[in-house]
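Reading the structure
Each chain, written out:
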Amino acid sequence: MPQDKALMTPTDLKSGETKDIAVAMNGILADVFALYLKTKNFHWHMSGPHFRDYHVMLDEQSDQLFEMTDPIAERIRKVGGTTLRSISHISSLQTIKDNNEAYVTPAAMLAELRDDNKALGVHLRDVHEVCDAQRDIASASLIENWIDETERRTWFLFEASRPSDDSGH
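Here's what I pulled together on the structure shown here. Please read these numbers as outputs of a predicted model, since none were measured by experiment. (Residues numbered from 1 in each chain as written. Predicted model: local features only at pLDDT ≥ 70, side-chain atom pairs only at ≥ 80, totals over all residues. Heavy atoms only, no water.)

1. A look at the overall build of the protein chain
The line we're drawing: Under the DSSP-based scheme used, a helix requires at least four consecutive residues in state H or I and a strand at least two consecutive residues in state E, with every element numbered from the N terminus. With a 1.4 Å probe rolled over the protein chains alone, any residue whose accessible area is under 20% of its type maximum counts as buried; one over 50% counts as exposed, and the rest are partly exposed. Should any heavy atoms of two residues lie within 4.5 Å, those residues are considered in contact.
Counting secondary structure elements, the protein chain contains 6 helices and 0 strands. Beginning at the N terminus, the succession of helices and strands in the protein chain can be written as α-α-α-α-α-α. The buried share among the 169 residues of the protein chain stands at 40%. For the protein chain, the proportion of contacts with a sequence separation of at least 24, taken over those separated by at least 6, is 80%.

Encoded structure:
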């Protein structure tokens, strides 16, 4: 059996539909991996008086991002596509920018992650439209939950990064 045929999962979707879904979902997968690693990076390098709160929050958020990866990849395979194969494959598709700075202030970390999560939400909505157009209801359903999780991360990062006043707000 030729290698390309060995990975062709049976599906009722047409090959063009499968391709559109796989391309869109692989873009999401690349961004989720990039955001996962950036969140872990900031988690590991957090400092300052709110260290524990931010450290714990970023650990929780990175866990949530990592939990998205397998379902995304499995959806791609279930519809007959193939998925990411390497770090270089991820870097060729990701739209979330890496941060390789030696030091980033806690406020800048939270702001960058907030903006990245917000951008991921936009990307998820765009991919939802692709899945809807191709009648991939299962992927669209998963994406709806990931949009909600992404909005929650964005909200928490926004609230954690707001300056306080004398009232505690």
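2. Some details on helix α2 (residues 15-44)
Spelled out, the test is: For a helix, the expected span equals 1.5 Å multiplied by the number of residues minus one.
In a regular helix each residue adds 1.5 Å, so 30 residues correspond to 44 Å; α2 covers 43 Å between its end C-alpha atoms and thus fits that length. By the criterion of burial, α2 is predominantly enclosed, with 21 of the 30 residues buried.

3. Here's the deal with unusual backbone geometry
Where the residue is not glycine, phi is negative for most of them; where a peptide bond is considered, it is trans in most cases. Positioned with a positive phi, Arg-135 is a non-glycine residue whose angle comes to about 65 degrees. Within the secondary structure layout, Arg-135 lies in the loop between α5 (106-133) and α6 (137-161).

4. Quick look at the packing of α2 against α5
The line we're drawing: Axes here refer to lines fitted to C-alpha atoms; in helices the fit is confined to the stretch in contact. Angles between the N-to-C directions go from 0 to 180 degrees. For classification purposes, angles smaller than 35 degrees are called roughly parallel, those larger than 145 roughly antiparallel, those between 65 and 115 roughly perpendicular, and all remaining angles oblique. Each helix crossing is assigned a hand: it is left-handed if the near helix lies turned anticlockwise from the far helix by less than a right angle, otherwise right-handed if that turn is clockwise. When residues are grouped by polarity, Ala, Val, Leu, Ile, Met, Phe, Trp, Tyr, Cys and Pro land in nonpolar, Asp, Glu, Lys and Arg in charged, and all others, Gly among them, in polar.
One way to put it is that α2 packs onto α5 with a least axis distance of 10 Å and a crossing angle of 165 degrees. One element, α2, and the other, α5, form an angle in the roughly antiparallel class. Our pair here, α2 against α5, has a crossing hand that is left-handed. Here Asp-20, Ile-21, Ala-24, Met-25, Gly-27, Ile-28, Asp-31, Val-32, Leu-35, Lys-38, Thr-39 and Phe-42 of α2 come into contact with α5, specifically with Met-109, Glu-112, Leu-113, Asp-116, Asn-117, Leu-120, His-123, Leu-124, Val-127, Val-130 and Cys-131. A per-class count over the contact of α2 with α5 returns 14 nonpolar, 4 polar and 5 charged.

5. Things to note about the pattern of salt bridges
Formally: The rule for a salt bridge is simple: a side-chain nitrogen of Lys or Arg has to be within 4 Å of a carboxyl oxygen of Asp or Glu.
Inspection of the entire model under this criterion finds 8 salt bridges. One salt bridge connects Lys-38 with Glu-112, and the closest N-O pair in it is separated by 2.6 Å. One end of the pair, Lys-38, is in helix α2; the other, Glu-112, is in helix α5, and 74 residues separate them in sequence. Classification of Lys-38 as buried rests on a relative accessible area of 4%. Among the residues examined, Glu-112 registers a relative accessible area of 23% and is labelled partly exposed.

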